[in-house]
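A look at the structure
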Amino acid sequence: MLVVAAAVAAVVLMASGNDDDSPGDKPSASASSSPRPTLSLPTELPTKLPTKLPTQLPSQFPTDLPSEFPSGLESLFPSFASDEVPYYMLRTGDCFDTDGDRPGQAAKRSCGQPHDAEVVKVAELEGDYTTDAALKKAASDLCERTLDSKAADQPGGTVRGTLVQYPDAAGYRLGIDNVACSLAADTEGTRKLTAPLT
């Protein structure tokens, strides 16, 4: 039925076109010589949308990491559930707390609140280092002058320690080459800084 209606409409459009044999006939201003498309929207839209989304994950998802994953790998990635980040994501001026059990991590804190340390400089290691000892020396050399200078500018008793965070040999081979040079309230973590460094 629709095909027949379309065929009739096509015939009607062709038959009502302008006839060039009658020179006296001119199209009126309101008549159009080409058909115009029409847009029709469905009259019935869905009235009900789902109101509930699933609240539970399927039970077949794994709950543990396989045991063959490297044990220290979690310190390389940020934890989105907390304010902890790997040290190499820290920037100059960031204040943070440390955790002796997680040396590669830093818990970012407001510099106006009590915190363990503040990053003074972020440097980048260059060269070939194959041992942790070589990386430690190179990182310390990158930080030494800046940390000494910045510590001398602080009010007496404010800063009593330095913290140099650098990748181990495995991390360096993966491309982690940042070194975070920080000043701390003390080396034991019993005192806190309570304001940004000057």
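Residues numbered from 1 in each chain as written. Predicted model: local features only at pLDDT ≥ 70, side-chain atom pairs only at ≥ 80, totals over all residues. Heavy atoms only, no water.

With that settled, consider the state of the cysteines. Formally, a disulfide is one covalent bond, and it connects the sulfur atom of one cysteine to the sulfur atom of another. For the structure shown, the criterion picks out two disulfides. With its sulfur 1.9 Å from that of its partner, Cys95 forms a disulfide with Cys111. One quick way to see it: the torsion about the S-S bond of Cys95 and Cys111 is about 100°, and its sign makes the bridge right-handed. Remark: Cys111 occurs in the loop between β3 (105-109) and β4 (117-124) and Cys95 occurs in strand β2 (residues 95-97); sequence separation between them is 16 residues. Comparing Cys95 with Cys111, the two get one shared label, buried. Paired by a disulfide, Cys143 and Cys181 hold their sulfur atoms 1.9 Å apart. Residues Cys143 and Cys181 are joined by a disulfide whose S-S torsion is about -70°; by sign, that bridge is left-handed. Taken together, the residues span a long stretch of sequence, with Cys143 in helix α2 (residues 132-152) and Cys181 in strand β6 (residues 178-184) at a distance of 38 residues. Cysteines bonded in the protein are numbered consecutively along the chain; their disulfide partners then correspond to 1-2, 3-4. (Disulfide = S-S within 2.5 Å. Helix = DSSP H or I, 4+ residues; strand = E, 2+ residues; numbered from the N terminus. Buried < 20%, exposed > 50% of the residue type's maximum accessible area, 1.4 Å probe, protein only.)

With that settled, the discussion passes to α2. Counted at 1.5 Å a residue, the expected span for α2 with its 21 residues is 30 Å, and the 29 Å between its end C-alpha atoms agrees. Largest kink in α2: about 40°, centred on Cys143. Listed as buried for α2 are Leu135, Ala138, Ala139, Cys143 and Leu147. Its buried side turned inward, α2 meets β4, β5 (161-165), α3 (169-173) and β6. (Expected span 1.5 Å × (residues − 1). Bend = angle between axes of the 7 residues up to and from the residue. Contact = heavy atoms within 4.5 Å.)

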